[in-house]
Amino acid sequence: MTSSPSETLKQSLGELLGLARGLLADQELSDDEINFLDEWLEERYQMTSSFPGNVIHKRIKEVLEDGVITEEERSHLVETLTLLVEDRLEDLAEQVDLTELWFDEPGLIDFNKTRFCLTGNFVYGPRDVCKSEIEKRGGVVNPSVGSEVQYLVVGGLGVDEWREGGLGTEIEKAMRLRAKDSSVKIIPEDSWVAHL
């Protein structure tokens, strides 16, 4: 009996989680370990063809592209893998049905003069990197959700409040605005990344 695609992906995520735990046992990530992770992901099409494996793999490729791994790049990879080790990805996977209830279909995202708010922990990069990607496409990033915001982007590594069973302040604000006929859309990181 063959595994369903979702079971295969869940198994791959479990393997990635185990690998991340092993690589971070010494709280560091060497050049060799980053290269190993790149090769490991390269061999797993299922993992690199869907979120968050595709984004992690892309970031590793970008880090390795110029042959120099900066401390900022290394630090972000360590931070991202640390979040995986803390089981946030597993927590997020457990809540997929719940989160799908409040995620919106983004439609086509036109960044020019569009207002975004970012919440949670992002696989794509640190929040300032995500902000920069929006701004270089003509978008504006607000520090919090208000009636002028069109998109609240929720980081793929989850929101800190989810661990305590809460939705998160920005998500709650957006849901209240939506209830008053606001046009704000709550979208997951992978939808945002697909439009970059």
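Trainee: Looking at this structure, I do not really get the sheet that holds strand S4 (residues 185-188). What am I missing?
Mentor: Two orientations exist for strands paired in a sheet by backbone hydrogen bonds: parallel and antiparallel. The parallel open sheet is built from four strands, whose spatial order is S2-S1-S3-S4. Looking at which strands have only one partner, the edges of the open sheet turn out to be strand S2 (140-142) and S4. Strand after strand, the sheet turns through a mean of 35° between neighbouring axes, direction not considered. Bridging between strand S1 (residues 115-119) and S2 involves three bridges; their strand directions are parallel.

Trainee: Just to check I follow, could you spell out the packing of aromatic side chains for this structure?
Mentor: The geometry of an aromatic ring pair comes down to the distance between the two centres and the angle between the two planes. In total, this model carries four aromatic pairs according to the counting rule given. Here the aromatic rings of phenylalanine 116 and tyrosine 151 are separated by 5.4 Å at their centres, their planes lie at 20°, and the arrangement is stacked. Placement of the pair is phenylalanine 116 in strand S1 and tyrosine 151 in strand S3 (residues 151-154), with a sequence separation of 35 residues. Of the two residues, phenylalanine 116 and tyrosine 151, both sit in the buried class. Ring geometry for tyrosine 124 and tryptophan 192: centres 5.5 Å apart, planes at 80°, overall edge-to-face. Taken as a pair, tyrosine 124 in the loop between S1 and helix H8 (127-135) and tryptophan 192 in helix H10 (residues 189-194) lie far apart in primary sequence, 68 residues in all.

Trainee: Looking at this structure, I do not really get H8. What am I missing?
Mentor: It helps to recall that an α-helix has 3.6 residues per turn; residues three or four apart then point in one direction. Considered for burial, the residues of H8 that qualify are Val129, Cys130, Glu133 and Ile134. Buried residues along H8 cover an arc of 140° about the axis, so they all sit on one side.

Trainee: In this structure, what is going on with the environment of lysine 131? I would like to understand it.
Mentor: The residue lysine 131 is located in helix H8 in this model. On the basis of relative accessibility, which here comes to 35%, the residue lysine 131 falls in the partly exposed class. Between the alpha carbons of lysine 131 and valine 141 there is a distance of 6.4 Å; along the sequence they are ten residues apart. Apart from the residues lying within four places of it in its own chain, the contact partners of lysine 131 are Leu118 and Val141.

Procedures and definitions
- Counting restarts for each chain, with residues numbered from 1 along the sequence as it is written.
- Given that the model is predicted, a residue must reach a pLDDT of at least 70 before its local features are reported, and side-chain atom pairs must reach 80 or more before they are shown or counted; all residues, however, enter totals for whole chains, interfaces and linings.
- Note that the side-chain values use all heavy atoms of the structure and ignore hydrogens as well as water.
- Each pair of strands is called paired provided DSSP finds at least two bridges between the two strands.
- Going along the chain from the N terminus, every DSSP run of H or I of four or more residues is numbered as a helix, and every run of E of two or more is numbered as a strand.
- For helices, the fitted line uses only the C-alpha atoms of the stretch in contact; every axis is such a line through C-alpha atoms, and the angle between N-to-C directions lies from 0 to 180 degrees.
- The aromatic pairing rule takes the rings of Phe, Tyr and Trp, using the six-membered ring of Trp, and pairs them if the centres are within 6.5 Å, calling planes under 30 degrees apart stacked, those over 60 edge-to-face and the rest tilted.
- Three labels apply to residues, based on accessible area from a 1.4 Å probe with only protein chains included: buried if under 20% of the type maximum, exposed if over 50%, partly exposed otherwise in between.
- Think of the arc as the fan of directions from the helix axis to the C-beta atoms.
- Residue contacts are counted whenever heavy atoms from the two residues lie within 4.5 Å of one another.

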